[in-house]
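So the chains spell out like this:
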Amino acid sequence: MGWAATFRRKWRAFGSYPVRTQALVPVVILLLALARLAILTLPFRFYAPVLGRREAASGDWRMTQSSDDRRSAARIEAIRSAIRASARLVPWNAVCLPQALVAAALLRVSGIGHSVHLGVARGPIDGSGNDHSEEGQSKLNAHAWCVAGGGVVTGPGALDRFARVAQFVHDPSRSAR
């Protein structure tokens, strides 16, 4: 499939998204590009503050502030949908860490508490059964996911397979003090 056909297909898909998602997509695409650039060129310590305040990765990752506010829940869903849509539209591979960075930035600007988790797992994550590299070493897989409003915003999947190695939290009520 040529680039023109791919562009037409993606443009039609964009037209099928809700207006609220469509409004966020250009911003998310720009933020995904900036996140990718930061990840490729800067040490982690320079962009880690965007994720939130680092805390010990303890407890259940599902435990996060739930959002009783309908506007917050709608905003979380709009952010989730826009990131998912934008990741499909960009010509580069917008994987979990750039998506988590963008989600954390948008949730922070929206005043919504969230947590970002970084984890690692050994073996296949894709169900391929191939858990060793060509050199015979066990594969190590890394993943990042963002949680807000009692649900996963970015990076859904078999999250229980990952041992959390870092957790970043943004609590707007603690930040305002």
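Quick caveat: nothing in here was measured; it's all calculated off a predicted structure.

### Some remarks on the overall build of the protein
A tally of regular secondary structure across the protein gives six helices and five strands. Counting from the amino terminus, helix and strand elements in the protein follow one another as α-α-α-β-α-α-β-β-β-β-α. Counting all 177 residues of the protein, 40% fall into the buried class. For the protein, restricting intrachain contacts to residue pairs at least 6 apart in sequence, the fraction spanning at least 24 positions comes to 76%.

### Details of the pairing of strand β5 (residues 163-170)
The buried fraction of β5 is high, at six of eight residues. Judged from the three bridges that link them, strand β1 (residues 53-55) and β5 form a sheet pairing that is antiparallel. Counted as the bridge partner of R53 is V169 from β5. Two elements, strand β2 (residues 114-122) and β5, share seven bridges in a ladder whose sense is antiparallel. Bridge pairing links V116 to F168 in β5.

### Notes on the environment of L51
Within the fold, L51 resides in helix α3 (residues 44-51). It is 8.9 Å that separates the C-alpha atoms of L51 and Q167, two residues lying 116 residues apart in sequence. Setting aside anything within four residues of it in sequence, one finds L51 in contact with F44, A100, L101, A104, R108, H114, V116 and F168.

### Considering the packing of α3 against helix α5 (residues 96-109)
Where α3 meets α5, the closest approach of the two axes is 8 Å, and the angle between their N-to-C directions is 45°. In terms of their interaxial angle, α3 and α5 are classed as oblique. In contact with Y47, P49, V50 and L51 of α3, α5 contributes L97, A100, L101, A104, A105 and R108.

### Quick word on the sheet that holds strand β4 (residues 151-154)
Across the sheet, which stays open at both edges, the five strands sit in the order β1-β5-β2-β3-β4 with antiparallel pairing between neighbours. The open sheet has two edge strands, β1 and β4, and neither has a second partner. With direction set aside, neighbouring strand axes in the sheet form an average angle of 35°. Pairing geometry for strand β3 (residues 140-148) and β4, over three bridges, is antiparallel. Residue pairing for β4: A148 is matched across the bridge by G151.

### Some thoughts on the environment of A166
With respect to the helices and strands, the residue A166 is situated in strand β5. Through-space distance from the C-alpha of A166 to that of E55 is 7.3 Å; in sequence the pair is 111 residues apart. Excluding residues within four positions of it along the chain, A166 makes contact with R54, A57, V116, H117 and L118.

Reading the values: the criteria
- Residues numbered from 1 in each chain as written.
- Predicted model: local features only at pLDDT ≥ 70, side-chain atom pairs only at ≥ 80, totals over all residues.
- Heavy atoms only, no water.
- Helix = DSSP H or I, 4+ residues; strand = E, 2+ residues; numbered from the N terminus.
- Buried < 20%, exposed > 50% of the residue type's maximum accessible area, 1.4 Å probe, protein only.
- Contact = heavy atoms within 4.5 Å.
- Pairing = 2+ DSSP bridges.
- Axes fitted to C-alpha atoms, helices over the stretch in contact; angles between N-to-C directions.
- Parallel < 35°, antiparallel > 145°, perpendicular 65-115°, else oblique.

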